[in-house]
Amino acid sequence: KLKRQLQDLVDIARENDELDRRLHQLTLRLIDCRRLGDVLDMLKHYLQRDFAVDAVTLRLRAIPGRTDLAAFPEFNADAESVFDGFTRLVTEHKPVCGRFRPEQMRQLFAASAGSIGSAALIPLHDLPVFGMLAVGSAEAQRFHPEQGTVFLAQLGELVSRALRVCIAE
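Sequence order as written defines residue numbering, which begins from 1 separately in each chain. Totals for whole chains, interfaces and linings use all residues, but because this is a predicted model, local features are given only for residues with pLDDT of at least 70 and pairs of side-chain atoms are given and counted only at 80 or more. Computation of side-chain values covers all heavy atoms of the structure but excludes hydrogens and water.

Asks: Help me get a handle on the sheet that holds strand β4 (residues 118–126), residues and values and all.
Replies: Strands qualify as paired when DSSP identifies two bridges or more between them. For helices the rule is a DSSP run of H or I covering at least 4 residues; for strands it is a run of E covering at least 2, with both sets numbered from the N terminus onward. Pairing in this open sheet of 5 strands is mixed, and the strands run β2-β1-β5-β4-β3 from one edge to the other. Of all the strands in the sheet, the pair left with one neighbour each is β2 (75–76) and β3 (96–98). Relative to strand β1 (residues 55–61), helix α2 (residues 36–50) is tilted by about 150°, and along the sheet it contacts β1, β2 and β5 (129–137). Only heavy atoms enter the contact rule, under which two residues are in contact if any of them lie within 4.5 Å. To obtain each axis, a line is fitted to C-alpha atoms, and for helices this fit is confined to the stretch in contact; angles are then taken between N-to-C directions over 0 to 180 degrees. Contacts from helix α6 (residues 150–168) reach β1, β2, β3, β4 and β5, with the element oriented near 45° to β4.

Laid out in structure tokens, this is it:
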């Protein structure tokens with residue numbers, strides 16, 4: 001029994017090392033991005049490829065006076081209605097994982113909502129950036145309420161900062 005527990009801990013450590021390596025690679029890619037469109041495109045592509053998620057969505061609050069951001073569907077004037085459905089995420093600024101109500105899934109993942117079994121919602125808050133990153137998986141247990149969220153919180157900080165830097169330029 002103890003050998004099995006030890007092996008489980010070793011397996012978790014290996015998984016965390018691999019996750020840390022992928023997060024580091026994502027960080028390097030984000031540092032190289034100079035334009036907002038590049039950050040958004042790169043983020044979606046690499047999260048799906050390197051982190052094996054089935055759907056990636058960003059919902060960001062529109063920034064008053066920044067009409068140039070209206071070209072990006074992620075900066076949505078209707079984002080407030082999306083945030084209303086995720087009060088805990090907005091108030092606590094902590095990632096939330098699990099299965100969500102069908103209407104919430106539709107708000108986040110639109111046409112692909114029916115194929116998403118679980119999701120992680122990651123707050124983005126590095127002013128003026130405010131919003132959420134949602135990653136979804138077809139697997140119902142991929143993202144669950146009991147899982148640790150340290151890497152997800154780090155991802156949120158990383159993405160928030162990359163967006164803020166590109167918006168400021």
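There is more to say after this.
Asks: Quick rundown of the packing of helix α1 (residues 2–32) against α6? Include the residues and the values.
Replies: Remark: α1 packs on α6, axes separated minimally by 11 Å, with the N-to-C direction vectors making an angle of 5°. Taken together, the axis directions place α1 and α6 in an arrangement best described as roughly parallel. From α1, Asn16, Leu19, Asp20, Leu23, Leu26, Thr27 and Leu30 reach across to α6, where they touch Phe151, Gln154, Leu155, Leu158 and Ala162. Ten residue types, Ala, Val, Leu, Ile, Met, Phe, Trp, Tyr, Cys and Pro, are classed as nonpolar, four, Asp, Glu, Lys and Arg, as charged, and the remainder, Gly among them, as polar. Across the contact of α1 with α6, the residue classes break down as 8 nonpolar, 3 polar and 1 charged. To sort the angles, those under 35 degrees are grouped as roughly parallel, those over 145 as roughly antiparallel, those from 65 to 115 as roughly perpendicular, and the leftovers as oblique.

Asks: An account of the side chain of Ser160 is needed here, citing residue identities and associated values.
Replies: Relative to the helices and strands, Ser160 is located in helix α6. The classification of residues rests on relative accessible area computed with a 1.4 Å probe and restricted to protein chains. Under 20% of the type maximum is buried, over 50% is exposed, and intermediate values are partly exposed. On the accessibility criterion, Ser160 (2% relative accessible area) is buried. At 3.1 Å, the side chain of Ser160 forms a polar contact with the backbone nitrogen of His125. Setting aside anything within four residues of it in sequence, one finds Ser160 in contact with Pro123, Leu124, His125, Asp126 and Val129. For this analysis, a polar contact is any N or O atom pair within 3.5 Å, provided that within protein one partner can donate a hydrogen and the other can accept it, and provided that sequence-adjacent residues contribute only side-chain to side-chain pairs.

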